[in-house]
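As a plain string of letters, each chain reads:
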Amino acid sequence: MIPFIDLKTQYHGIKEEIDAAIERVLESSQFALGAEVAAFEKEFTAYCHAGNGIGVNSGTSALHLALLAAGVGPGDEVITVPFTFIATVAAICYTGAKPVFVDVEPRTLTMDVGRIEEAITERTKVVLPVHLYGHPADMDPILDIAARHNLIVIEDAAQAHGAEYRGRRVGSLGEMGCFSFYPGKNLGAYGEGGMVVTDNRDFESKIRMLRDWGQESKGRHLLKGYNYRMEGLQGAILRVKLRYLKEWTEARRSHADLYSKLLVDNNIQTPLSMPYGRHAYHIYAIRLRRRDAVVRALREDGIQCGIHYPIPVHLQPAHLDLGYRAGDFPVSEQAAASELSLPMFAELQESQIKEVARSVRTALSTEEV
Ligand SMILES: *Cc1c(COP(=O)(O)O)cnc(C)c1O
């Protein structure tokens, strides 16, 4: 069996350090926030080339608080993409604002920058691009449009730890960058976690208050806040794992190169990495016709794969109230019908990559007859 992701093998490779980190937290009894979280905030923020980081309890909370810090609320509009994980859109809805979608562009499946301006109204407050699969959105035109229209840019970098745009780390490009440390992400906690990084001191202090019940000082609540604190255990675990992130990202990138070499085929669209970006390959996404038949064949060969995502958010039953219909975002809809995610994790073996590639190609050739 070839798993889609293998967290256990990763743990065994770093077990001693992880176990020691967990014990430190147990001994300190700092289970919510505390010194480990504060240290992780500093270390991850430095990794992102950003000024300040605020640890929270999920990537969704990071997005929610970043939007609140930007002043987003009922009556406002936030421009984002429909081809993303549902959390991007859920976080906008939590604030009472309305998500306004622009389609993705076909090469990278990130925000189509040519469609942003037509979506801007006098209610627009924020543009929220997603660095999907670990590939950066084309940030320069996004930042340029936002500056001209006085909009705040919040990056959804939940899939893109360590990805770069023109030599700069994602998360540090817009006013705020939001990360997830969900276990399956490139940098994953042993539980839930997230962070907002920002160079802006006002956003930082607001988010720090909001994550901990809006407290300005002990017992004095300046804002209506939330219980979105990062756990001490997750901070300590993430500090250990951060030390390996560079190595793990390199491994992902070389696995992706090998996949792409082995999957040269007219019927397969392998992922493109634009010259402006450095892909972090959270997901190795190919696109093909007859995707569902290939999924079945892989399953029969004992290979786990995924689909990210089978239904774009504008067609999700939960968001039909937004009033979008099939046909509104053809690139997203086409991607949802053709995308296939192959096994991808740092510890993946060359022999496993070869086996997956062989299985995909065999499935395609038998499908053709
Ligand atoms: C995972 C993810 C999130 C949400 O992060 P959680 O930690 O699961 O709340 C948001 N956006 C994208 C694109 C994601 O992949």
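Residues numbered from 1 in each chain as written. Predicted model: local features only at pLDDT ≥ 70, side-chain atom pairs only at ≥ 80, totals over all residues. Heavy atoms only, no water.

Comments concerning the environment of Glu122
Rules: Helix and strand labels come from DSSP, where a helix needs a run of H or I of at least four residues and a strand needs a run of E of at least two; each type is numbered from the N terminus. Accessibility here uses a 1.4 Å probe with only protein chains present; expressed as a share of the type maximum, an area under 20% marks a residue as buried, one over 50% as exposed, and anything in between as partly exposed.
When you line up the elements, Glu122 lands in the loop between strand 3 (98–101) and strand 4 (124–127). For Glu122, a relative accessible area of 75% corresponds to the exposed category. As for Glu122 and Asn150, which are separated by 28 residues in sequence, their C-alpha atoms are 10 Å apart.

Considering unusual backbone geometry
Cis geometry marks the peptide bond from His308 to Tyr309; its omega dihedral reads 15 degrees. Structurally, the position occupied by Tyr309 is in the loop between helix 10 (291–300) and helix 11 (330–338). Non-glycine residue Ser29 carries a positive phi angle of around 60 degrees. Positionally, Ser29 belongs in the loop between helix 2 (15–28) and helix 3 (35–47). We classify Ser29 as partly exposed; its relative accessible area is 48%. Although it is not a glycine, Arg290 adopts a positive phi angle of roughly 55 degrees. By the secondary structure assignment, Arg290 is in the loop between strand 14 (284–288) and helix 10.

Comments concerning the side chain of Asn186
Put simply, the rule is: Two N or O atoms count as a polar contact when they lie within 3.5 Å, although within protein this holds only if one can serve as hydrogen donor and the other as acceptor, and sequence-adjacent residues are included solely when both atoms are side-chain atoms.
Here Asn186 is to be found in the loop between strand 8 (176–180) and strand 9 (194–198). Taking the relative accessible area as the measure of exposure, Asn186 reaches 3% and is therefore buried. Engagement of the side chain of Asn186 in a polar contact is seen with the side chain of His282, the distance being 2.9 Å.

A short note on the site of the ligand
Formally: Near is defined per residue: the residue qualifies when any heavy atom it owns lies within 4 Å of the molecule or strand. Computed with the Shrake-Rupley method and a 1.4 Å probe, the accessible areas treat only the protein chains shown as cover for residues. Whether a set of points on the 1 Å grid over the protein atoms alone is a cavity depends on a 1.4 Å probe fitting there but being unable to get out, while an open set qualifies as a pocket with protein on both sides within 12 Å along at least five of seven lines; lining residues are those with an atom within 4 Å of a point. Cavities and pockets are treated as containing a molecule whenever more than half of the molecule's atoms lie within 2 Å of their grid points.
Around the ligand sit 15 residues, and of these Gly59, Thr60, Asp156, Ser180 and Lys185 come closest. A distance of 3.1 Å separates an oxygen atom of the ligand from a polar atom in the side chain of Lys185. Here the ligand, which alone exposes 380 Å², has 93% of that area covered by the protein. Of the pockets mapped on this structure, the ligand occupies the largest pocket. Every element with two or more residues in the shell around the ligand is listed here: helix 4 (59–69) and helix 5 (86–94).

Quick look at the packing of aromatic side chains
Note the threshold: Between the rings of Phe, Tyr and Trp (Trp by its six-membered ring), a pair exists once the centres lie within 6.5 Å; its type follows the angle of the planes, with under 30 degrees stacked, over 60 edge-to-face, and the other angles tilted. Any Lys NZ or Arg CZ that is within 6 Å of a ring centre and within 35 degrees of that ring's normal is treated as a charge sitting over the ring.
Across all of its chains, the model carries 16 aromatic pairs by this definition. The interplanar angle of 85 degrees and the centroid separation of 4.9 Å between the aromatic rings of Phe44 and Phe179 together place this pair among those described as edge-to-face. With Phe44 in helix 3 and Phe179 in strand 8, this residue pair connects regions lying 135 residues apart in the sequence. On the basis of relative accessibility, which here comes to 1%, the residue Phe179 falls in the buried class. Connected via pairs of aromatic rings, a cluster forms that spans Phe40, Phe44, Tyr47, Phe179 and Phe181. Against the face of Tyr47 rests Arg169, its NZ or CZ located 4.3 Å from the ring centre.

Details of the sheet that holds strand 6 (residues 164–165)
What counts here: Only when DSSP finds a minimum of two bridges between them are two strands counted as paired.
Spatial ordering of the open sheet is given by 7-6-13, a layout of 3 strands whose pairing is antiparallel. Every interior strand has two partners, whereas the edge strands, strand 7 (168–169) and strand 13 (277–278), have only one. Alignment of strand 6 against strand 13, held across 2 bridges, turns out to be antiparallel. In the strand pairing of strand 13, Glu164 is matched with Arg278.

Some points on the pairing of strand 2 (residues 77–80)
Let me state the cut-off plainly: A crossover gets the label right-handed when its path from the first strand over the helix to the second runs clockwise, viewed with the strands pointing away from the viewer.
What you see with strand 2 is no split at all: Glu77 and Ile79 on one side and Val78 and Thr80 on the other are buried throughout. The pairing of strand 2 with strand 3 spans 4 bridges and is classified as parallel. Paired with Ile79 across the bridge in strand 3 is Val100. Of the crossover connections in this fold, the one passing from strand 2 over helix 5 to the parallel strand 3 is right-handed. Two elements, strand 2 and strand 4, share 3 bridges in a ladder whose sense is parallel. Looking at strand 4, one finds that Glu77 is bridged to Thr124.

Some remarks on the pattern of salt bridges
In plain terms, the rule: For salt bridges, the criterion is a side-chain nitrogen of Lys or Arg within 4 Å of an Asp or Glu carboxyl oxygen.
Counted according to the given criterion, the structure contains 23 salt bridges. A salt bridge links Glu36 to Arg24; the shortest N-O distance between them is 2.8 Å. In this pair, Glu36 is assigned in helix 3 and Arg24 in helix 2, connecting sequence segments 12 residues apart. The exposure class of Glu36 is buried, given its relative accessible area of 13%. Taking the relative accessible area as the measure of exposure, Arg24 reaches 40% and is therefore partly exposed. When the shortest N-O distance is used, the salt bridge between Glu216 and Arg220 registers 2.4 Å. Accessibility expressed as a relative area gives 46% for Arg220, which makes it partly exposed.

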